[in-house]
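# Overview (structure and organization)
Chain by chain, the residues run as shown.
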Amino acid sequence: MNTGKSVLLIIGGGVAAYKALLLIRLLKTAGVGVRAVLTAGGAQFVTPLSVGALSGEKVFTDLFDLTDEAEMGHIQLSRAADLVVVAPATADLMAKMAAGLADDLATTLLLATDKDVLIAPAMNVRMWDHAATQANLATLRARGVTVVGPDEGDMACGEYGPGRLAEPEAIFAAIEAALAPRLSDLAGKRIVVTSGPTHEPIDPVRYIANRSSGKQGQAVASALAARGAEVVLVSGPVRLVAPAGVETRKIETAREMLDATLAALPADAVVCAAAVADYRVDGAAEHKLKKADGAGRSLTLVENPDILATVSALPEGQRPRLVVGFAAETQEVIAYAQAKRTRKGCDWIVANDVSQGVFGGDENAVTLIDAKGAEDWPRMGKDAVAEKLAGRIAAALA
Ligand code: CTP
């Protein structure tokens, strides 16, 4: 399927570098050309000879391999492939990529390339958790770098946690997806996505909120944008980097979310993935509440506007053609979600079983519910849920 495609594979240092050899075999079997670059660290773990034997191509190890521009310059090498893959991506390589350093062949190619980049990090769990690595990760993601893994498990260094290189099959699957022809079946369509929690103030320093991470909503926004849609993301407070290629409008409260959503219309579709607070505090205090002022103090709550129901009820001409809601349930998922779809008047509900800690996690088990019935999707990553949903939305708006 990928015949004719090729990747530039940069193999960083680390015990997991041997998995890069398995990855090369998977790619070659699928008809994907592989040109490999070994960093100095990578060459400590796998030899150019074994990499070259598997890839069937010359292996590059040093910037000076390329000084003979008659053979191939580094600019050409960085752009000849369809995709640049870094596996394993060490903490050092990620830091250099984030900073734009170019002090060896691998980092020079990464800085010079105009192709998409996919990295599979692998490192000690503390190095992975370190604020510096996490900041670099956020920077790379925001620039559109695809990140696969790391997996969680026992590590060669004896510790346990996230940091293991993703399995070759998982990296291969991500490469296949990255090499697949780009769909632009949502080009010319405008879609509004709500995402994240809302914060409802109690006083200037306190608020009511929930555990929504915003990951699923942002993944939906990214997947829609990747298919060519013009996307407005109306997001409550989240700890995520705003996705690339999407116009993000930040709000705090449910009422602000409603205003921002209505202001972003007209649109072809609206996807309400936000976990909106159902209630707000009636008359939030202007000044910080003092403990001394009231033992047994209680809050009076008033209901917030329902954004999904409001958009669904817009008169013809203003109502988007497709309105999609999410339903987080912990029991009788399909029955409650089907009732919610009818009550709120939306077209589809993505029902979400949150009884097993979906909030904040990277996976989701959902059921797509429309007027005709319910379709269970297998448990998959939130990105995969988003892509599948984007595909359905594209088909519905076609
Ligand atoms: N929603 C919304 N505005 C609200 C409340 C919910 O737009 N004020 C949307 C959510 O974004 C989601 C859907 O409605 O798409 C379902 O949210 P959920 O919290 O499951 O529904 P509730 O109306 O709160 O129902 P219940 O609490 O009874 O389960």
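Preceding block: the structure.
Read on for an overview of the structure. Every value quoted in this text rests on a predicted model; they were computed, and no experiment measured them. (Residues numbered from 1 in each chain as written. Predicted model: local features only at pLDDT ≥ 70, side-chain atom pairs only at ≥ 80, totals over all residues. Heavy atoms only, no water.)

### Remarks on the nonpolar core
- Ranked by internal contacts, the top residues of the largest apolar core, which has 32 residues, are Ile191, Val193, Leu224, Leu389 and Ile393.
- Elements supplying a minimum of two residues to this core: strand 8 (190–195), helix 9 (215–226), strand 11 (230–235), strand 13 (269–272), strand 16 (322–329), strand 17 (348–353), strand 19 (366–370) and helix 13 (382–397). (Core = buried A, V, L, I, M, F, W, Y, C linked by side-chain atoms within 4.5 Å. Buried < 20%, exposed > 50% of the residue type's maximum accessible area, 1.4 Å probe, protein only. Helix = DSSP H or I, 4+ residues; strand = E, 2+ residues; numbered from the N terminus.)

### Side note on the sheet that holds strand 20 (residues 373–376)
- Pairing within the open sheet is mixed, and its 8 strands lie in the order 12-11-8-13-16-17-19-20. In the strand order of this sheet, the two ends are held by strand 12 (247–250) and strand 20, each with one partner. When strand polarity is set aside, the average angle formed by the axes of neighbouring strands in this sheet is 20 degrees.
- Bridging between strand 13 and strand 16 involves 4 bridges; their strand directions are parallel. Among the inter-strand pairings, Ala269 is bridged to a residue of strand 16, identified as Leu322.
- Across the face of the sheet, helix 12 (residues 333–344) comes into contact with strand 16, strand 17, strand 19 and strand 20 while running at roughly 150 degrees to strand 17.
- Sitting on the sheet, helix 13 touches strand 8, strand 13, strand 16, strand 17, strand 19 and strand 20, and the angle it makes with strand 17 is about 165 degrees. (Pairing = 2+ DSSP bridges. Axes fitted to C-alpha atoms, helices over the stretch in contact; angles between N-to-C directions. Contact = heavy atoms within 4.5 Å.)

### Section: the packing of helix 4 (residues 91–99) against helix 7 (residues 131–142)
- The N-to-C vectors of helix 4 and helix 7 enclose an angle of 50 degrees; their axes lie 9 Å apart at closest approach. The orientation of helix 4 with respect to helix 7, classified from their angle, is oblique. Considering the relative orientation of helix 4 and helix 7, their crossing is left-handed. Residues Ala91, Met94, Ala95, Met97 and Ala98 of helix 4 form the contact with helix 7, whose participating residues are Thr133, Asn136, Leu137, Thr139 and Leu140.
- Looking at the contact of helix 4 with helix 7 residue by residue, the classes come out as 7 nonpolar, 3 polar and no charged. (Parallel < 35°, antiparallel > 145°, perpendicular 65-115°, else oblique. Left-handed = near helix turned anticlockwise from the far one by under 90°. Nonpolar A, V, L, I, M, F, W, Y, C, P; charged D, E, K, R; others polar.)

### Observations concerning the packing of aromatic side chains
- Under the definition given, this model contains 0 aromatic pairs.
- Between the NZ or CZ atom of Lys388 and the centre of the ring of Trp377, over which it lies, the distance is 5.0 Å. (Phe/Tyr/Trp six-rings, centres within 6.5 Å; stacked < 30°, edge-to-face > 60°. Lys NZ or Arg CZ within 6 Å of the ring centre and 35° of its normal.)

### A word on the pattern of salt bridges
- Here the structure, examined in full by the defined rule, presents 15 salt bridges.
- When the shortest N-O distance is used, the salt bridge between Asp185 and Arg227 registers 2.9 Å. Residue Asp185 is located in the loop between helix 8 (168–179) and strand 8, and its partner Arg227 is located in the loop between helix 9 and strand 11; the two are separated by 42 residues in the primary sequence.
- With its nearest N and O atoms 2.6 Å apart, the salt bridge here joins Arg190 to Glu230. A residue pair is termed long-range when its members are at least 10 positions apart, and Arg190 in strand 8 and Glu230 in strand 11 qualify at 40 residues. (Salt bridge = Lys/Arg side-chain N within 4 Å of Asp/Glu carboxyl O.)

### Some words on a nonpolar patch on the surface
- Nonpolar side chains collect at one region of the surface, where Tyr279, Leu299 and Leu301 lie side by side and expose about 280 Å² of accessible area between them.
- Topologically, Tyr279 is positioned in strand 14 (residues 279–281). (Patch = residues over 30% accessible without salt bridge, like charges linked within 9 Å, V, L, I, M, F, W, Y side chains within 5 Å. Areas by Shrake-Rupley, 256 points an atom, 1.4 Å probe, with all protein chains shown as cover.)

### Here we look at the site of the ligand
- Every one of the 15 residues lining the ligand counts as a neighbour, but Cys272, Ala274, Phe326, Lys340 and Lys344 are closest to it.
- In the model, an oxygen atom of the ligand is placed 2.6 Å from a nitrogen or oxygen of the Cys272 main chain.
- Here Asp306 contributes a side-chain N or O atom positioned 3.5 Å from a nitrogen atom of the ligand.
- Relative to its unbound accessible surface of 580 Å², the ligand loses 78% to contact with the protein.
- Mapped onto the shell around the ligand, the elements with two or more residues apiece are helix 11 (307–312), strand 16 and helix 12.
- At 4 residues, strand 16 tops the list of elements feeding residues into the shell around the ligand. (Near = heavy atom within 4 Å. Polar contact = N/O pair within 3.5 Å; in protein donor to acceptor, adjacent residues only side chain to side chain.)

### Points about helix 12
- In this model, helix 12 (12 residues) spans 16 Å end to end at C-alpha, consistent with the 16 Å of a helix rising 1.5 Å per residue.
- Within helix 12 the residues assigned to the buried category are Val333, Ala337, Lys340, Arg341 and Lys344. Axial view of helix 12: buried residues confined to an arc of 100 degrees, hence all on one face. Among the exposed residues of helix 12, those pointing more than 90 degrees away from its buried face are Thr342 and Arg343.
- For helix 12, the secondary structure elements touched by its buried residues are helix 11, strand 16, strand 17 and strand 19. (Expected span 1.5 Å × (residues − 1). Arc of directions from axis to C-beta.)

### Focus: the environment of Leu137
- Positionally, Leu137 belongs in helix 7.
- Residues Leu137 and Arg126, spaced 11 residues apart in sequence, show a C-alpha to C-alpha distance of 14 Å.
- Those residues in contact with Leu137 that lie beyond four places of it in its chain are Met94, Trp128 and Val147.

### Some details on helix 4
- Along helix 4, the positions that sit buried rather than exposed are Ala91, Leu93, Met94, Lys96, Met97 and Ala98.
- Gly100 sits one or two positions beyond helix 4 and adopts a positive phi of about 80 degrees.

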